[in-house]
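Chain and residue survey
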Amino acid sequence: MTDSTHTVFFKMDNVIQDYAWGSVTSIEQLFAMPNLDQKPQAEMWMGAHANGCSVITVNGEAVRLADFIDTDPDAIIGAATQAKFAELPYLFKVLAAEKALSVQVHPSKHQAEIGYAKEEKTGIARNAANRNYKDPNHKPELVFALTPYQAMNGFREIAEIVALFQRLDLEVISELVTALAANQTETGLRDFFAAMLSLEGERKDVAVNGLLAFCNENQDQPLFALLIDLSEQYPGDIGLFVPLMLNVLTLQPGEAMFLSACTPHAYIKGTGLEIMANSDNVLRAGLTPKFMDVPELVANTEFTSMAADTLLLAPTMVAGGLDYIVPVPDFKFSVYKQVDDIALQNTSAEILFAIDAPLTVTHQNGETLTLEKGQSVFIPAYAKAYSADCDGMFARAYN
């Protein structure tokens, strides 16, 4: 398999997920890919995930990428990757959000292993609505903005949270706010977060209605205008209070952000590239009609504040591109701009995505492939090295 005469560039046919929150127009407009059915195009998946596996052509036949990898994983994804992960350890996406995704937390690797084993033992079906752990893996993520990309990530400073809730001056939650003001610690924030998400019945309705009344009176301020928009998407949802607790920011095109395990976050609107570890583990904290397990959510959340000016990833400059360093081994991510036959080496399987211009890759065996914008190529580890030429930008996913 490592012989350089073997095919090294596999153009990918990728699944587009039509989740309801997706944009009907963004992928079509950015990549000139007609949306003939006019359905929401929420995520384009590039990888070997069972719920949306890419397809490649091998010896003239269409083959699922996962099945191709299984023919010789040591050669295709690399012996070290196979030994550590036993699969392609990342999923690469284009994510196009027209509506907000649920506020969520992903467990750490250790927490996921424990939770998965527990739910397997109790016999909860893996596709059950009340299942928290679909697999024993963590789900760190990186997002790279292609358009202005609004998101939430991490808790605000506790004093800022207290000030925002004091401005609301809602009698129905006044005891909770007073308690947080008196105990501005991780424990105080945990208790407040859990109590707010646990509001039910008339008390919840009164709180949400009071919040929206305040927002309508202050909709000239961006945060409260956002809450009005979110209330139209998720009427009556207790998650409408979450933006008062989390940092809200808008990434500009070319900016990136890492989302750690145990940190609450949400994507609100925009289109970007996302790379993540292979996992479906999601613990929800609002802005969703789906199952919420507040005790399990709280048990998997770190109640530490994150300064808003520290949330963006500062890339490391390399020849022809930018590396976005992340603190996990599951994936790496780089972006290259206007490169002329740049030489790249690979020890793992890679996926390249042409962002805004044609991308041509060439191997020493004479093989060459040109992608149009919006297209991707899978490059096995056995390629070892290749060159890339692009007048615009392309992204590189690898590990």
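Everything that follows concerns the structure shown earlier in this document.
Let me begin by describing the structure that accompanies this report. (Residues numbered from 1 in each chain as written. Predicted model: local features only at pLDDT ≥ 70, side-chain atom pairs only at ≥ 80, totals over all residues. Heavy atoms only, no water.)

When its secondary structure is counted, the chain shows 11 helices and 21 strands. Its C-alpha atoms give the chain principal-axis dimensions of roughly 75 × 50 × 40 Å. Classification of the 399 residues of the chain by burial places 54% in the buried group. In the chain, 77% of the contacts between residues at least 6 apart in sequence involve partners at least 24 apart. In the form shown here, the chain has an accessible surface area of approximately 17,100 Å², with 50% of it arising from carbon and sulfur atoms. One finds the centroid of the 26 positive side-chain charges in the chain at a distance of 4 Å from the centroid of its 50 negative side-chain charges. (Helix = DSSP H or I, 4+ residues; strand = E, 2+ residues; numbered from the N terminus. Buried < 20%, exposed > 50% of the residue type's maximum accessible area, 1.4 Å probe, protein only. Contact = heavy atoms within 4.5 Å. Areas by Shrake-Rupley, 256 points an atom, 1.4 Å probe, with all protein chains shown as cover. Lys, Arg positive; Asp, Glu negative; His and termini not counted. Charge placed at Lys NZ, Arg CZ, Asp CG, Glu CD.)

Quick look at the pattern of salt bridges now. For the structure on display, the rule yields 11 salt bridges. The partner of Glu120 in a salt bridge is Arg131, and the shortest N-O contact between them spans 3.0 Å. Note that Glu120 is positioned in helix H5 (residues 109-122) and Arg131 in the loop between H5 and strand S8 (141-145), a separation of 11 residues in sequence. The partly exposed category is assigned to Glu120, whose relative accessible area is 32%. Judged by its relative accessible area of 4%, Arg131 is buried. Within the structure, one salt-bridge network assembled from shared partners comprises Glu119, Glu120, Arg126 and Arg131. (Salt bridge = Lys/Arg side-chain N within 4 Å of Asp/Glu carboxyl O.)

Side chains of strand S20 (residues 376-379) alternate between two faces, with Ser376 and Phe378 and Val377 and Ile379 buried alike. The pairing of strand S1 (residues 10-11) with S20 spans two bridges and is classified as antiparallel. Looking across to S20, one finds that Phe10 is bridged to Phe378. Sheet analysis places strand S17 (residues 350-354) next to S20, joined by four bridges and oriented antiparallel. Across the sheet, the residue bridging to Glu350 is Ile379, located in S20. (Pairing = 2+ DSSP bridges.)

What follows covers the environment of Phe333. Mapped onto the fold, Phe333 is located in strand S16 (residues 332-345). Given a relative accessible area of 2%, Phe333 falls into the buried group. For the pair formed by Phe333 and Leu352, sequence separation is 19 residues and the distance between their alpha carbons is 10 Å. Each residue touching Phe333, except ones within four places of it in the same chain, is listed here: Phe92, Leu142, Phe144, Leu273, Ile275, Leu322, Asp323, Tyr324, Ala395, Arg396 and Tyr398.

This paragraph deals with the nonpolar core. Of all hydrophobic cores here, the largest spans 64 residues; its most connected members are Leu65, Phe68, Phe92, Phe144, Leu273, Phe333 and Phe378. Setting aside residues no more than four positions away along its own chain, Leu65 makes contact with Met12, Gly47, Ala48, Cys53, Ser54, Val55, Ile56, Leu88 and Phe378. Counting 54 residues, the second-largest nonpolar core is a separate cluster that includes Tyr116, Ile158, Leu211 and Leu212. (Core = buried A, V, L, I, M, F, W, Y, C linked by side-chain atoms within 4.5 Å.)

Quick look at helix H7 (residues 174-182) now. Taken together, the buried positions of H7 are occupied by Leu176, Val177 and Leu180. Down the axis of H7, the buried side of the element spans an arc of 95°, and every buried residue falls inside it. Those residues of H7 that are exposed and angled more than 90 degrees off the buried face are Glu175, Thr178 and Ala182. In this structure, the buried side of H7 is in contact with helix H6 (158-168), helix H8 (186-197) and helix H9 (201-217). (Arc of directions from axis to C-beta.)

This paragraph deals with the packing of aromatic side chains. Per the stated rule, a full pass over the model turns up 18 aromatic pairs. Between the aromatic rings of Phe165 and Phe241, the centroid separation amounts to 6.0 Å while the plane-to-plane angle is 15°, which identifies the pairing as stacked. Of the two residues, Phe165 is situated in helix H6 and Phe241 in the loop between helix H10 (222-233) and strand S10 (246-251); the sequence distance between them amounts to 76 residues. Of the residues examined, Phe241 reaches a relative accessible area of 0% and is grouped as buried. Joined through ring pairs, the aromatic side chains of Phe31, Phe92, Phe144, Tyr324, Phe333 and Phe353 make up one cluster. A cation over an aromatic ring shows up here: Lys84 above the ring of Phe85, its NZ or CZ 5.7 Å from the ring centre. The ring of Tyr398 has Arg396 lying over it, and the distance from NZ or CZ to the ring centre is 4.3 Å. (Phe/Tyr/Trp six-rings, centres within 6.5 Å; stacked < 30°, edge-to-face > 60°. Lys NZ or Arg CZ within 6 Å of the ring centre and 35° of its normal.)

Here we take up the pairing of strand S6 (residues 90-97). For S6, the buried fraction is high: eight of the eight residues fall into the buried class. Both faces of S6 are covered, namely the face carrying Tyr90, Phe92, Val94 and Ala96 and the face carrying Leu91, Lys93, Leu95 and Ala97. Direction of pairing for strand S3 (residues 43-46) relative to S6: antiparallel, over a ladder of four bridges. Looking across to S6, one finds that Glu43 is bridged to Leu95.

Mapped onto the elements of the fold, Asn153 is located in strand S9 (residues 149-155). According to the relative accessible area criterion, Asn153 is buried, its value standing at 1%. There is a polar contact of 3.4 Å between the side chain of Asn153 and the backbone oxygen of Phe258. The residues contacting Asn153, other than those within four sequence positions of it, are Asn247, Leu249, Met257, Phe258, Leu259, Thr263, Pro264, His265, Met306 and Leu311. (Polar contact = N/O pair within 3.5 Å; in protein donor to acceptor, adjacent residues only side chain to side chain.)

Time to look at the packing of H9 against H10. The N-to-C vectors of H9 and H10 enclose an angle of 130°; their axes lie 8 Å apart at closest approach. Judged by the angle between their axes, H9 and H10 are oblique. Where H9 crosses over H10, the two elements pack in a sense that is left-handed. Contacts between H9 and H10 pair Leu211, Leu212, Phe214, Cys215 and Asn216 from the former with Phe224, Leu227, Ile228 and Ser231 from the latter. By residue class, the composition of the contact of H9 with H10 is seven nonpolar, two polar and no charged. (Axes fitted to C-alpha atoms, helices over the stretch in contact; angles between N-to-C directions. Parallel < 35°, antiparallel > 145°, perpendicular 65-115°, else oblique. Left-handed = near helix turned anticlockwise from the far one by under 90°. Nonpolar A, V, L, I, M, F, W, Y, C, P; charged D, E, K, R; others polar.)

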